[in-house]
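So you can see what is in the structure, the chains are spelled out below.
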There are 2 protein chains.
Amino acid sequence: MTTKYPAVRAAAGPAGPLGTPGQPGKSGPPGTATAGDVLADYLQAQAVEFLRSLRLHGESGADADEAGEAARLLRRSARRIAGVLYVYRPLTDTDWTDQLRTELVWLSDVLGREHAYAARLARLRGALHRLSGADAGGGNGGCPTVGAARAGALLERRLTLARTRAHSAALQALGTSRFHAVADAAALLASEVPLDPGASGLLARQALPRLAEQAHRRLAEAAEALPLAAAGHPYNAEALTHGLAATAGPDGPPAEGRQDAPWHQVRRLVRLRRYAQEVLDEHEQTEVEPSLSVRLLGAGQALDRHRDAAEAAADAAAAARTPRIAPATAYALGVLHADQRHEVEAARFAFGRIWQRVTAGAP
Amino acid sequence: MTTKYPAVRAAAGPAGPLGTPGQPGKSGPPGTATAGDVLADYLQAQAVEFLRSLRLHGESGADADEAGEAARLLRRSARRIAGVLYVYRPLTDTDWTDQLRTELVWLSDVLGREHAYAARLARLRGALHRLSGADAGGGNGGCPTVGAARAGALLERRLTLARTRAHSAALQALGTSRFHAVADAAALLASEVPLDPGASGLLARQALPRLAEQAHRRLAEAAEALPLAAAGHPYNAEALTHGLAATAGPDGPPAEGRQDAPWHQVRRLVRLRRYAQEVLDEHEQTEVEPSLSVRLLGAGQALDRHRDAAEAAADAAAAARTPRIAPATAYALGVLHADQRHEVEAARFAFGRIWQRVTAGAP
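1. Considerations on the side chain of Thr34(A)
Following the sequence through the fold, Thr34(A) ends up in the loop between helix 1 (6–12) and helix 2 (35–59). Polar side-chain contacts of Thr34(A) include one of 3.1 Å to the backbone nitrogen of Asp37(A).

2. Thoughts on the interface of chain A and chain B
Taken together, the 43 residues of chain A in the interface contact 43 residues of chain B. Interface area for chain A against chain B, summed over the two sides, is near 3,600 Å², with a carbon-plus-sulfur share of 68%. When the area that chain A buries against chain B is broken down by residue, the three leading residues are Tyr235(A), Leu244(A) and Tyr331(A), summing to 27%. The interface formed by chain A and chain B contains zero salt bridges. Seen at the junction of chain A and chain B, the total is 14 residue pairs in polar contact (both at pLDDT 80 or more). Breaking the side of chain A that touches chain B down by element, the ones donating at least two residues are helix 4 (94–131), helix 10 (290–319) and helix 11 (327–361) of chain A. The dominant element in the side of chain A that touches chain B, judged by the number of residues it contributes, is helix 11 of chain A, at 14 residues. Grouping the constituent residues of the side of chain A that touches chain B by class yields 26 nonpolar, 13 polar and four charged.

3. Notes on the pattern of salt bridges
Side-chain pairs of opposite charge can arise whenever the charged atoms involved come near each other. Counting across every chain of the model gives 36 salt bridges over all chains. For Arg341(B), the salt bridge identified is with Asp260(B), shortest N-O distance 2.9 Å. You can see Arg341(B) sitting in helix 11 (residues 327–361) and its partner Asp260(B) sitting in helix 9 (residues 254–284), a full 81 residues away along the chain. An identical accessibility class is assigned to Arg341(B) and Asp260(B); each is buried. Look at the salt bridges and you will find they share partners, linking Glu256(A), Asp260(A), Arg341(A) and Arg348(A) into a network.

4. Structural notes on the relation of the copies chain A and chain B
With an RMSD of 0.0 Å, the operation that places chain A on chain B is a rotation of 180° combined with a shift of 0.0 Å along the axis. What the rotation and shift describe, once combined, is the action of a two-fold rotation axis. A share of 100% of interface residues in chain A that are also interface residues in chain B marks the association as one of identical surfaces.

5. Observations regarding the environment of Ala317(B)
Counting through the fold element by element, Ala317(B) comes out in helix 10 (residues 290–320). In this structure the C-alpha to C-alpha distance between Ala317(B) and Glu224(B), which are 93 residues apart in sequence, comes to 30 Å. When near neighbours in sequence (up to four residues on either side) are disregarded, Ala317(B) contacts Tyr331(A) and His337(B).

6. A word on the packing of aromatic side chains
If you walk through the whole model with that rule in mind, you get seven aromatic pairs over all chains. Residues Trp263(B) and Phe351(B) carry aromatic rings whose centres are separated by 6.2 Å and whose planes lie at 85° to one another, so their mutual orientation is edge-to-face. Taken as a pair, Trp263(B) in helix 9 and Phe351(B) in helix 11 lie far apart in primary sequence, 88 residues in all. When sorted by exposure, Trp263(B) lands in the same class as Phe351(B), which is buried. When the ring of Phe351(B) is compared with that of Trp355(B), the centres are 5.9 Å apart and the planes differ by 20°; the resulting orientation is stacked. With a gap of four residues between them, Phe351(B) and Trp355(B) both fall in helix 11, about one helical turn apart. Here the two residues Phe351(B) and Trp355(B) agree in accessibility, since each one is buried. Ring-pair connections join several aromatic residues into one group, and the members of that group are Tyr235(A), Phe349(A), Tyr235(B) and Phe349(B). One Lys or Arg, Arg178(A), reaches over the ring of Trp106(A) and ends 4.0 Å from the middle of that ring.

7. As for the packing of helix 4 of chain A against helix 6 (residues 177–191) of chain A
All names here are of chain A. At a minimum axis separation of 10 Å, helix 4 and helix 6 run at an interaxial angle of 125°. The angle between helix 4 and helix 6 falls in the class oblique. In the crossing of helix 4 with helix 6, the sense of the turn from one axis to the other is left-handed. Seen from helix 4, the contacting residues are Trp-96, Leu-100, Glu-103, Leu-104, Trp-106 and Leu-107; seen from helix 6, they are Arg-178, Phe-179, Val-182, Ala-185, Leu-188 and Leu-189.

8. Looking at the environment of Tyr42(B)
Residues and elements named next belong to chain B. You can see Tyr-42 is positioned in helix 2 (residues 35–59). Judged by its relative accessible area of 0%, Tyr-42 falls in the buried class. Separated by 148 residues in sequence, Tyr-42 and Ala-190 have C-alpha atoms that sit 9.9 Å apart. Of the polar contacts made by the side chain of Tyr-42, one reaches the side chain of Glu-278; its length is 2.6 Å.

9. So, unusual backbone geometry
Residues and elements named next belong to chain A. Positive phi outside glycine occurs at Tyr-235, with the angle close to 60°. Its location among the elements puts Tyr-235 in the loop between helix 8 (228–231) and helix 9 (254–284). Relative accessible area serves as the criterion here: at 12%, Tyr-235 is assigned to the buried category. Even without glycine at this site, Ala-237 takes up a positive phi of about 60°. Residue placement: Ala-237 occurs in the loop between helix 8 and helix 9.

What counts, and at which threshold
Residues numbered from 1 in each chain as written. Chains lettered and ligands numbered in written order. Predicted model: local features only at pLDDT ≥ 70, side-chain atom pairs only at ≥ 80, totals over all residues. Heavy atoms only, no water. Helix = DSSP H or I, 4+ residues; strand = E, 2+ residues; numbered from the N terminus. Polar contact = N/O pair within 3.5 Å; in protein donor to acceptor, adjacent residues only side chain to side chain. Contact = heavy atoms within 4.5 Å. Buried area = accessible area lost by both parts, 1.4 Å probe. Salt bridge = Lys/Arg side-chain N within 4 Å of Asp/Glu carboxyl O. Nonpolar A, V, L, I, M, F, W, Y, C, P; charged D, E, K, R; others polar. Buried < 20%, exposed > 50% of the residue type's maximum accessible area, 1.4 Å probe, protein only. Least-squares fit on C-alpha atoms with pLDDT ≥ 70 in both. Phe/Tyr/Trp six-rings, centres within 6.5 Å; stacked < 30°, edge-to-face > 60°. Lys NZ or Arg CZ within 6 Å of the ring centre and 35° of its normal. Axes fitted to C-alpha atoms, helices over the stretch in contact; angles between N-to-C directions. Parallel < 35°, antiparallel > 145°, perpendicular 65-115°, else oblique. Left-handed = near helix turned anticlockwise from the far one by under 90°.

Laid out in structure tokens, this is it:
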């Protein structure tokens, strides 16, 4: 089922979809399909995925790996349904779909936190490992300082606790009536998508590209407002300019957060643009613009890395505010914070390069 | 007098030497001058500069700025005399010049330390300022954290103490018989350069380029042995790979020192190559290869920045080992250390770019 989405196929390997015969959905051949039918096809397929992941999650029992994978797939389809409902909103019954969208975002967030804390701990552990010279050549590296070892243990405690809490919160959420209402809505979506009555009168090849174009424009405007010229200069040291600013509050460094926010917003807009493209590709039963899909995927990955590094840097800073830690531990956390802020800067640099290619090749 | 050295002229502005009429020295027109005469001309001019700076230093009294400037000029000619005696060693009376070279290196080191500590404090102060968001837009940055303020005060105390000690050591050195012997040797050099008897029989246009070429080869071999491919990748995170390695001893991080050493060595070889070129240019009474001189100057500046940042990073790490400091102070020093190691990485990246142009255009 996942092979229906070209962006995924493109990322999976060089064997493109162009060689495989088309598998027309209910919506019929590309030329005559209505916008409503194409959209319904995509959403139904995603709703089926959502329900299947939900079942897998329920059956996974105590197997953490299986449950994790099911939750990942669940979030994957929830994000796609919510995103596509946003981009193609005018074609849907908005009373119903706006609410579903809100609920899917809530669910995706609740189910994603456990994974996010685990990934962040892995990132920080990897960075401490690297900073201890373990990856470097020369034989006798590889042993962290006392401070680095203690910083690692402190982060491990903090993030494991956060992860355990997130796990409980997710389990609790899955037992609520709020969750059951989302599952019911997904079941409805799988059988019949509530559309705007006018959508069945619009040709897909006219209505869908127009809305995808709007999503592209919102993305392009937000991306062009980023300080891309500065970010394109390697080693511009911009990402750390608030590393020691006193405006950082007790629960995190809002100065750095303010600097990062527009990049996070562009990350969300890249995602919406990707999902919008998936619907177009579904309609054409091929990748309309394979290179655009690949670039959007790359842009999204750079901004995922931006967000992950920014959150890891904030965690290191927060851990350093733990009372009564040793100076050596605090020193190691300072090095770690700066290291992750440089990852932030590197991700911005990488995004800038990919974005140049998006604008060079996109409509 | 300084305008006799084309690299200096080239750095000073676009008004090139080509438009000014040649001012032939004792060595006569380029075609027929001997290697000994050209070398003696250059060394005598530098020895005169050295003696003049020495007199300025003696007359400066309590004026720290004047004394500092005189010491800078003194080191400048000392480095040039020592460097040129090294590159063109076979043309000189090595019994005498080898000893002078050793003594000039000692003097340059003793006189340079005070300035080095002052410059390092200025660099670290500037970095703390930048990391407090003071340089960033947005209005409400600019106030350092308590930790950053304390780290700044700690570094100020440490480096001011080191600077004061260096000042005393320099004053003391200027009163020694060892120093007076160097001054006497410079006076001898200003009147007559002890050369190898064979040097007067060699044509400058044959003997000098061959020795400069050797200096170029030593530089090229050392530069090509650097990990330039990795350094050419922006954000490679190599410079910080030993930031938290336990192999760091009590008096500095030798793991980082080991990583930096080959770059410091190339820095010295770039300098020798530049001085070698100055002698050739002196002979031709023009810049033989203006673009090479400019590139060597740029390469040297990148590696100066490399060394300055590496030493500042080591100072931040050393300050963090002060007993009984607050965790917030140690945290700020960790951020500062990582920041300066990224400057190290940025300098390597910059050197790699310039070096590509040196090899593309050099003989």
